[in-house]
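# Residue-level structure breakdown
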Amino acid sequence: MSGIHLLQVRNLSFRYGSGSSPLFDGASLDIHPEDQIGLWADNGTGKTTLLRIITGLVTPQRMDLTLDGEPVLDEEGFRRVRRRFGFVLQNPDDQLFFPEVIADVMFGPLNIGMTEEEARKSAEEALAAMGIAHLAGSESFHLSGGQKRLVTIASILSMKPEGLLLDEPTTGLDARARANLTGVLRSLPGPRLVVSHNRDFLSAVSNRILGIRDGRLVPLA
Ligand SMILES: Nc1ncnc2c1ncn2[C@@H]1O[C@H](COP(=O)(O)OP(=O)(O)OP(=O)(O)O)[C@@H](O)[C@H]1O
Ligand SMILES: [Mg+2]
């Protein structure tokens, strides 16, 4: 299997509207099975958009995308991408749906076919890993911003995805929660693409760091 890109993006070109300038112009990205990539670029350069494009939530004008070497051509293909890569959104309010925390964290596991018992166990483990086991019975909309973010990360980890796409996962986290998240990520061997403005955090959880320049993804020293 070595040599096969888990996810490969070629010829990505994208602009939101015909009047706006392109965010991506012939960009490429390879994610290998144990590739842990940090993405560091200015506000508004298209980091969130990139994650939305590769999960099929935004459709680019042009892109050749493969998963395990197979072309991703339609919604069924993007569903396969989303099953392989858990996606933690930049805004937790876009990811929390249920009144009670445990229900949100069990939703993914139930959705991928775990039994009620398995889903509860996996959800409790994920909450414990994020240091918020005590919030299981809390109401999500009463949580602080940082607590909501930890719940959304737990809600993805509870599915035990092979890979992760994390959009600004440290926003709102205090030093202890950030250090804990760093430890959790460092213990996970799978591929990931992590977007963050925190360069120290990115360096701690990534093997390589990319930036965005002239509509392309470029390695940063
Ligand atoms: N739905 C949309 N329609 C039109 N323009 C959009 C839309 N979403 C984002 N944009 C614009 O596209 C650009 C890139 O947005 P994006 O959210 O991808 O940036 P980002 O790199 O994630 O920024 P940040 O660091 O602030 O999260 C911005 O200029 C933004 O205003
Ligand atoms: Mg963003």
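Quick summary incoming for the structure in this document. (Residues numbered from 1 in each chain as written. Chains lettered and ligands numbered in written order. Predicted model: local features only at pLDDT ≥ 70, side-chain atom pairs only at ≥ 80, totals over all residues.)

### Some details on the overall build of the chain
To be explicit about the condition: Only DSSP runs of H or I covering at least 4 residues are called helices, and only runs of E covering at least 2 are called strands; the numbering of each starts at the N terminus. Computation of the radius of gyration draws on C-alpha atoms, with the globule rule given as 2.2 Å multiplied by the number of residues to the power 0.38. Any two residues are considered in contact once their C-beta atoms, placed from the backbone, lie within 7 Å.
The helix and strand tally for the chain stands at seven helices and 10 strands. A globule of 221 residues ought to have a C-alpha radius of gyration of about 17 Å, and the chain, at 17 Å, matches this closely. With the principal axes as the frame, the chain shows a C-alpha extent of 45 × 40 × 35 Å. Summarising the internal contacts of the chain: among those between residues at least 6 apart in sequence, 66% fall at separations of at least 24.

### A word on the sheet that holds strand 1 (residues 7-14)
We count it as follows: Any two strands between which DSSP finds at least two bridges are classified as paired. Note on definitions: angles span 0 to 180 degrees between N-to-C directions of axes, and those axes are lines fitted to C-alpha atoms, for helices only across the stretch in contact.
Read across the open sheet, the four strands follow the order 2-1-4-5; overall the sheet is antiparallel. Where the open sheet ends on each side, the last strands, each with one partner, are strand 2 (24-31) and strand 5 (70-71). With five bridges joining them, strand 1 and strand 4 (residues 62-67) adopt antiparallel strand pairing. Residue pairing for strand 4: valine 9 is matched across the bridge by leucine 65. Lying over the sheet, helix 1 (residues 47-54) contacts strand 1 and strand 4, oriented at roughly 120 degrees with respect to strand 1.

### Comments concerning helix 5 (residues 145-157)
The cut-off we apply is this: What a helix is expected to span follows from its residue count: subtract one and scale by 1.5 Å.
For helix 5, which comprises 13 residues, the first-to-last C-alpha distance of 19 Å matches the rise-based estimate of 18 Å (1.5 Å per residue) to within 8%. Buried residues along helix 5 sit against strand 6 (85-88), helix 3 (101-111), helix 4 (116-129), strand 7 (163-167) and helix 6 (175-186).

### With respect to the packing of helix 3 against helix 4
Just so we agree on the cut-off: These descriptions rest on fixed angle ranges, namely under 35 degrees for roughly parallel, over 145 for roughly antiparallel, 65 to 115 for roughly perpendicular, and the rest for oblique. Take the far helix as the reference: if the near one is turned anticlockwise from it by less than a right angle, the crossing is left-handed, and if turned clockwise, right-handed. Put simply, Ala, Val, Leu, Ile, Met, Phe, Trp, Tyr, Cys and Pro go in the nonpolar bin, Asp, Glu, Lys and Arg in the charged bin, and everything else, Gly too, in the polar bin.
Close contact between helix 3 and helix 4 brings their axes to 8 Å; oriented N to C, the two are set at 125 degrees. Classed by the angle they form, the pair helix 3 and helix 4 counts as oblique. Considering the relative orientation of helix 3 and helix 4, their crossing is right-handed. On the side of helix 3, the interface is formed by Ile102, Val105, Met106, Pro109 and Leu110, while helix 4 contributes Glu118, Ala119, Arg120, Ser122, Ala123, Ala126 and Leu127. In terms of residue class, the contact of helix 3 with helix 4 is made up of nine nonpolar, one polar and two charged.

### Digging into the environment of isoleucine 31
Along the polypeptide, isoleucine 31 turns up in strand 2. Sequence separation between isoleucine 31 and valine 105 is 74 residues, and the spatial gap between their C-alpha atoms is 27 Å. With residues up to four places along the chain from it excluded, the contact list for isoleucine 31 reads His5, Leu6, Leu7, Ile37, Pro191 and Leu193.

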